[in-house]
Amino acid sequence: MLELHDITRSFDSRRVLHDVGFGVAPGKLTGFVGANGAGKTTTMRIILGVLSADSGTVTLDGAALTASDRRRFGYMPEERGLYPKMRLAEQLTYLARLHGCGHVAARANARALLERLGLAERADDPVEKLSLGNQQRAQIAAALVHDPAVLVLDEPFSGLDPLAVETVQTVLKEYAARGVPVLFSSHQLDIVERICDDLVIIADGEVRAAGSRAALRAEYSQPRYELLLPEDAGWIAAEPGVAVVHLDDGYALFEASPDVAQRVLHAAIGRGPVAGFSPLQPSLAQIFREVVG
Amino acid sequence: MSGASGGAAPRDAVWLVAQREMVSRLRSKAFLISTGILLLAVLASVLVGGLLSTGSTPPTVAVVGSAATVVGHADGLKAVPAPDSDAAERMVRSGKVDAAVIPDDSTPAHVAVIGRSGVPNSVVEQLSISPKVTLLEPSKQPALLTYLVALGFGLVFFMSAMTFGQTIAQSVVEEKQTRVVEILLSTISARTLMAGKVLGNSLLAFAQIAAITALTTGALLATGQKVLLTNLGPSVIWFAVFFVVGFVMIAALYAATAALVSRQEDVGSATAPVMMLVLLPYILVISFNNNATVLGIMSYVPFSAMVGMPMRLFTGAAQWWEPLLSLLILLLTAAAVIVIGASIYGNSLLRTGARVRFTEALRG
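Here the structure is a predicted model, which is why all the values come from computation and not from measurement.

Cut-offs and rules
- Residues numbered from 1 in each chain as written.
- Chains lettered and ligands numbered in written order.
- Predicted model: local features only at pLDDT ≥ 70, side-chain atom pairs only at ≥ 80, totals over all residues.
- Contact = placed C-beta atoms within 7 Å.
- Helix = DSSP H or I, 4+ residues; strand = E, 2+ residues; numbered from the N terminus.
- Nonpolar A, V, L, I, M, F, W, Y, C, P; charged D, E, K, R; others polar.
- Buried ≥ 20, exposed ≤ 12 C-beta atoms within 10 Å, placed from the backbone.
- Pairing = 2+ DSSP bridges.
- Right-handed = clockwise from strand over helix to strand, strands pointing away.

(A) Region of the structure containing the interface of chain B and chain A. At the interface, 22 residues of chain B touch 30 residues of chain A. Elements represented by at least two residues in the side of chain B that touches chain A include exactly helix H1 (10–26) and helix H7 (180–185) of chain B. A per-class count over the side of chain B that touches chain A returns 10 nonpolar, 9 polar and 3 charged.

If you want it as structure tokens, here you go:
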């Protein structure tokens, strides 16, 4: 378990992080969500030790992080970059060795990963000769080549083509399935919603919400229901305990407790045929708006 | 895949960084070509120096009749007898001899000299009477040679420090500009990264100096300049020792100043002060290689000692303990410079965009 405790950081007199604390559980994909400038990148840099915190600690399995712990982390910075003139496989091997892999293991890892990401044919090309999409895959390979024990990825999906998004999602899930704590930030709430187990929502340098996706849903949004009738559904607005969100002839979208929703369904069946009834999961975008707004 | 177990020890990481620096340098055509040119220039200067100093074979002169006695008294002339003045003149024209000496009773020396196109000074000198000269403070080395040696030390240090200093500066900014530095810093410390860069480039510089020294020694031996080699030997060794320490210090300065900027275009202006530090001893040693006071000061100032002290050793002006004292001063300065340089470097690496102010970089 990777944990942050009361991390505070200021640049000059501007406070960027204020008592930030959350956990990244092993075997789980944790999404880190927040607007631009909310403090995501600063938090990740502090986890990696690239930046120091003014106060607070980062621990792994309860013990404060050491430099040698961090060398087993895989990190993808928001600002991408590799050596443009260095050959791809050589560069990955070099990075793996800096992380402490032996020469043979480093080379084998690099080759295997390039194969996995569909870059095997490009192994001996300098990075600057790769297409933009392939450079992004190379960047992901750079974060994974030493088979990290913890993964921290800053906006890993930004700028990826849809195929690469698929590949990266699969790879991240694989790592999580192996018991590696995975933390990644993203603007693309739909992706986060699709693949994350846990969520951390940050705004203005403070963690506004953190927990499992299901728990956040339960906590931050009234359950919503959709009702579809062949005739006008206007009557449900008069039902006690119902807040209508949207009404359009036979279609009604409303907020209500599960008991009230069941009562509404019974009432609808009593009036005639029911074409559709379903509970609606609030989207992450809704939760985000509610938490941050 | 097999994973990292605890990470590379800092010492291994320094060596990995150094290796990468060296490999990328050795693969660069520009580097190989400039090294080739430098080696050729060194070789050429030794050969030219050899030609100049071996141009002192005694001139041959054609002698006619009683002139033979006069020429016979001069050690530095090789006499070739000629039957008469006309024959002697023909020999001069054909280039068989450098000059002719014929009897001429109208002159106080009782001989006349016939040359071809220019006055044969070496012959005239041999036939003239010179006053006795006493030198109060004889210099141990001839002035021209002193100048050439000064030029040699100055140029070699200047060229290596410039080339490899600029290379380090560019490689620091390359990492900043391409942002790869953030990945590196998440793995190894800024100190390790800088140490690796300085080590890698220093080793290449030392290899280049070793090649130059080997080439110079070989060429001196091949052209029969053993005497010069014996005179030069100790100062070259001291030069090498001072160079190693001085170069590492300069390299650290280049790394630190380059880290202040984020674009290759700004490297020149950021590292300009360091370049002045490298250029100054070169200019001074060329202009003042026969000025004992300037050389004396230069041989103790850490940024010029690597040129100044070997020069004073060569001219015999330095006592035996002087290079040791100067080396100690250089070592202490280098250590301080490296500590300050490393902190500037570490504080500036992640600040991209505008140039980092020097005071900010120091404070962190």
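After that view, the rundown keeps rolling.
(B) Structural context of unusual backbone geometry. All names here are of chain A. If you check the backbone angles, Asp 19 has positive phi at about 45 degrees while not being a glycine. Mapped onto the elements, Asp 19 comes out in strand E2 (residues 14–24). Phi is positive for Asp 61, which is not a glycine, with a value near 50 degrees. As for its position among the elements, Asp 61 is in the loop between strand E4 (55–60) and strand E5 (63–64). We classify Asp 61 as exposed; it has 10 C-beta atoms within 10 Å.

(C) Representation of the pairing of strand E8 (residues 182–185) of chain A in the model. Residue and element names in this part refer to chain A. Taking every second residue as pointing to the same face, both faces of E8 are buried, with Val 182 and Phe 184 on one and Leu 183 and Ser 185 on the other. Pairing between strand E7 (residues 150–153) and E8: 3 bridges, direction parallel. Counted as the bridge partner of Leu 153 is Phe 184 from E8. For the crossover that starts at E7, traverses helix H6 (residues 162–177) and ends in the parallel E8, the hand is right-handed.

(D) Molecular detail of the sheet that holds E5(A). Residues and elements named next belong to chain A. Here we have 4 strands laid out as an open sheet, ordered E2-E1-E4-E5, and antiparallel in their pairing. Taken across any chain shown, the strands that pair with only one partner, and hence form the sheet edges, are E2 and E5. Bridge count for strand E1 (residues 2–11) against E4 is 5 bridges, and the pairing is antiparallel. When the bridges of E4 are listed, Glu 3 appears paired with Thr 59.

(E) Local environment of the environment of A:Arg14. Residues and elements named next belong to chain A. Examined against the element boundaries, Arg 14 turns out to sit in strand E2. By C-beta crowding, Arg 14 is classed as exposed, having 8 other C-beta atoms within 10 Å. C-alpha separation for the pair Arg 14 and Leu 284, spaced 270 residues apart in sequence, amounts to 30 Å.

In short, geometric facts, not functional conclusions.
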